[in-house]
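# Residue-level structural notes
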Amino acid sequence: MSKNTKSMAPMISTIIVAVLAIGVVIAALILISGDKGGESSVPDSSVSEQRFQPTQELLDECTYAAHDLVANNYQIVRLFVTEGLPYEPEPYGNAPEDGLYTVSSKDYTTLEEIENLVEETFVADEAQRILTDIDGNKLAVYQTREKLVKVEQPADSTAEAEGDASIQYTTEYVLGISAKFTPAKDYKKDWSSCRIALVPKSETECKLTVYLNGVDENTATEADADSVLDMFMTKSGDEWRLTEFVY
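Everything in this summary refers to the structure shown in the same document. Residues take numbers from 1 onward in each chain, read along the sequence in its written order. Given that this is a predicted model, residues contribute local features only at a pLDDT of at least 70 and side-chain atom pairs are listed and counted only at 80 or more, while totals for whole chains, interfaces and linings are drawn from all residues. Heavy atoms throughout the structure, all of them, feed into the side-chain values; hydrogens and water do not.

Quick look at the environment of Arg145 now. Segments assigned H or I by DSSP are reported as helices when at least four residues long, segments assigned E as strands when at least two residues long, and all are numbered from the N terminus. The residue Arg145 is located in strand S5 (residues 142-150) in this model. Using a 1.4 Å probe on the protein chains alone, a residue whose accessible area is under 20% of its type maximum counts as buried, one over 50% counts as exposed, and one in between counts as partly exposed. Accessibility expressed as a relative area gives 8% for Arg145, which makes it buried. Sequence spacing of Arg145 and Val174 is 29 residues, and the spatial spacing of their C-alpha atoms is 5.2 Å. Those residues within four positions of Arg145 in sequence are excluded, and the remaining contacts are Glu90, Pro96, Asp98, Leu100, Tyr101, Thr102, Glu172, Tyr173, Val174 and Gly176. Throughout, a contact is declared for two residues whenever any of their heavy atoms are within 4.5 Å.

So, about the environment of Glu239. Tracing the chain through its elements places Glu239 in strand S10 (residues 239-242). Note: C-alpha distance between Glu239 and Thr204 (35 residues apart in sequence) is 9.6 Å.

Inspection of helix H3 (residues 124-132) places Glu126, Ala127, Ile130 and Leu131 among the buried residues, and these make up the whole buried set. Angularly, the buried residues of H3 cover 130 degrees about the axis, an arc narrow enough to put them on a single face. Residues of H3 that are exposed and point over 90 degrees away from its buried face: Ala124 and Asp125. In the core, the buried residues of H3 are packed alongside helix H1 (56-82) and helix H2 (111-119). The directions from the helix axis to the C-beta atoms form the arc being described.

Put simply, two rings from Phe, Tyr or Trp (the six-membered ring, in Trp's case) pair if the centres are within 6.5 Å, and we call them stacked under 30 degrees between planes, edge-to-face over 60, tilted for the rest. One pass over the full model with this rule turns up five aromatic pairs. Look at Tyr74 and Trp191: their rings are 5.1 Å apart centre to centre, the planes differ by 25 degrees, and that puts the pair in the stacked class. Taken together, the residues span a long stretch of sequence, with Tyr74 in helix H1 and Trp191 in the loop between strand S6 (169-178) and strand S7 (195-200) at a distance of 117 residues. Here Tyr74 falls in the buried class, since its relative accessible area comes to 13%. Judged by relative accessible area, Trp191 falls into the buried class, the value being 1%.

Have a look at this one:
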């Protein structure tokens, strides 16, 4: 988890955009340091950060990428930290023998769908960590589960009458959620008024500052540290990715 403990100096506001993502509105306020034209309100101590002058094309590219990646990051917070996916209870309330419950979500039905979301959001090493070791104790929240399902018998079948030995089963592969996963009920960050400030550092690196809980870039102080998250995104080939899972 990344926290910014310094007061936020005002920057030049150039774009205000609203996007709908995961059921919440993320209002992205794009703040660019070193903007061409006009006077910058960034303090002199930040002059070194202003030496890189991004083109408008790069600013637009970073803006769209930041919207999507921050929205995805929040979705992954919900999947891996605060909520998880709904699942089917085991018969008689038993704990699953394989340590997995069968997911009953309509939004995600296969492990591949979750893997794609994570891998399209983070650099490879971080994506692998999230998928296989989210808590530092080798917890893979989602896995493929083998499930035995009884084969439906024809109406005139005598299998039931002949006993269980005649009943046939087949193996299905379904999305499972670890029985060890416990949602973080004490998570208090509100993403519904999320604001994003971005500062391109080079053609392939960009710093993001995300303001939560109604905090904005002009009024944030040390007391709001938990509501201000620092993120970084990097470009490889044609794709931008976040370098770290932040929540």
